[in-house]
Amino acid sequence: MQVPHKEHLYKLLVIGDLGVGKTSIIKRYVHQNFSSHYRATIGVDFALKVLHWDPETVVRLQLWDIAGQERFGNMTRVYYREAMGAFIVFDVTRPATFEAVTKWKNDLDSKLSLPNGKPVSVVLLANKCDQGKDVLVNNGLKMDQFCKEHGFVGWFETSAKENINIDEASRCLVKHILANECDLMESIEPDIVKPHLASPKVVSCSSCARS
Ligand SMILES: Nc1nc2c(ncn2[C@@H]2O[C@H](COP(=O)(O)OP(=O)(O)OP(=O)(O)O)[C@@H](O)[C@H]2O)c(=O)[nH]1
């Protein structure tokens, strides 16, 4: 049996309006359970998920569950620091929570970027899809267009209750983060190796299989 020899630790944010299902998504993903009882998050909560990405690679996700309540607004933004990616969640049964998605995305982009100045990867989650779809989510093309315009790397209809698409959404986000990390390595690499190398060095990254 091959032993994993690459470890990645990523901080991921889970943000969105009050009661959209952020805590429930994390609970489903990490602890495989769901509760219909609602208890608002106070400030911030954490959970850790370990993914065996491939036979050689382990990815540890530190999930930061950020309170949606506006009264925690400015305080919780300090928790954005050093995150590598985010989920922005809305509730398909409450259109106002979708309208707030742009605000959450703009806020994130204004406060957080990768060391190379690029925005972090963000996946949009249309949660509570077990309760029916809203008009927008019914139109996948419109959602694709929305994501393209606002810089999301993808979107998924999810249900924390029925365990729909949560693993898939996470894999999508991690895939983009791994690719970003390859870009970062390439962008910092020349300064480090140039003085010491006679010929250009090819940097290969097995995480995204690029070289
Ligand atoms: N039907 C259904 N209900 C859900 C789903 N996800 C969450 N809920 C319910 O929605 C309510 C709010 O869920 P939370 O996970 O606490 O929402 P939150 O976004 O973390 O809320 P804040 O911490 O206040 O920002 C709870 O009663 C959950 O049981 C889902 O996928 N389907």
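Residues numbered from 1 in each chain as written. Predicted model: local features only at pLDDT ≥ 70, side-chain atom pairs only at ≥ 80, totals over all residues. Heavy atoms only, no water.

Under an unreviewed UniProt entry, the name given to the protein is Ras-related protein Rab, and the source organism is Vicugna pacos. Under the UniProt heading Sequence similarities (unreviewed entry), the note attached to the protein is "Belongs to the small GTPase superfamily. Rab family." Word for word, the UniProt comment on the protein under Function (unreviewed entry) is "The small GTPases Rab are key regulators in vesicle trafficking." (UniProt positions renumbered as here; feature names shortened; annotations may be inferred.)

Over the atoms rolls a probe the size of a water molecule, and in doing so it shows where empty space is left. Scanning the model with the defined rule gives one cavity of 30 Å³ or more in all. Its volume calculated, the largest cavity comes out at about 80 Å³. Around the largest cavity sit V14, I25, I26, Y29, L63, F87, L125, I166, A169 and S170, which together line it. Split into classes, the residues belonging to the lining of the largest cavity amount to nine nonpolar, one polar and no charged. (1 Å grid on protein atoms, 1.4 Å probe; cavity = no way out; pocket = protein on both sides within 12 Å on 5 of 7 lines; lining within 4 Å. Points joined across faces, edges and corners; volume = space filled by probe spheres on them. Nonpolar A, V, L, I, M, F, W, Y, C, P; charged D, E, K, R; others polar.)

Taken in spatial order, the six strands of this open sheet run β2-β3-β1-β4-β5-β6, and their pairing is mixed. Both edges of this open sheet fall to β2 (44-54) and β6 (154-157), since each of them pairs with a single strand only. On average, each strand axis in the sheet is tilted by 25° relative to the strand beside it, whichever way the strands run. Pairing of strand β1 (residues 6-16) with strand β4 (residues 85-91) involves five bridges; the strand directions are parallel. (Pairing = 2+ DSSP bridges. Helix = DSSP H or I, 4+ residues; strand = E, 2+ residues; numbered from the N terminus. Axes fitted to C-alpha atoms, helices over the stretch in contact; angles between N-to-C directions.)

Here we come to the layout of surface pockets. Approximately 780 Å³ is the volume attributed to the largest pocket. Taken together, 33 residues form the lining of the largest pocket, with T23, S24, H37, Y38 and R39 sitting closest to its centre. Elements represented by at least two residues in the lining of the largest pocket include exactly α1 (22-31), β2 and β3 (57-66).

So, about the site of the ligand. Around the ligand lies a shell of 22 residues, among which K22, S24, Y38, T41 and D130 are the nearest. Within the backbone of S36, one N or O atom sits 3.0 Å away from an oxygen atom of the ligand. Taking K128, its side chain carries an N or O atom lying 3.0 Å from an oxygen atom of the ligand. Burial of the ligand by the surrounding chains reaches 93%, relative to a free accessible area of 650 Å². More than half of the atoms of the ligand fall within 2 Å of the grid points belonging to the largest pocket. Here the residues of the shell around the ligand are counted per class, giving six nonpolar, eleven polar and five charged. (Near = heavy atom within 4 Å. Polar contact = N/O pair within 3.5 Å; in protein donor to acceptor, adjacent residues only side chain to side chain. Areas by Shrake-Rupley, 256 points an atom, 1.4 Å probe, with all protein chains shown as cover. Sits in = over half its atoms within 2 Å of the grid points.)

Applying the stated criterion to the full structure yields zero disulfides. Free cysteine C147: the closest other cysteine sulfur is in C172, separated by 9.7 Å. (Disulfide = S-S within 2.5 Å.)

Time to look at unusual backbone geometry. For Q32, which is not glycine, the phi torsion reads 55° and is therefore positive. Position of Q32 among the secondary structure elements: in the loop between α1 and β2. Judged by its relative accessible area of 53%, Q32 is exposed. Here K128, not a glycine, exhibits a phi torsion of approximately 70°, which is positive. Looking at where K128 falls in the secondary structure, it is placed in the loop between β5 (121-127) and α5 (135-138). (Buried < 20%, exposed > 50% of the residue type's maximum accessible area, 1.4 Å probe, protein only.)

Here we take up helix α4 (residues 101-111). Residues V101, W104, K105, D107 and L108 constitute the buried set of α4. One side of α4 carries all its buried residues, which in axial view fall inside an arc of 165°. Packing partners of the buried residues in α4 comprise β1, β4, α3 (95-99), β5 and α6 (140-150). (Arc of directions from axis to C-beta. Contact = heavy atoms within 4.5 Å.)

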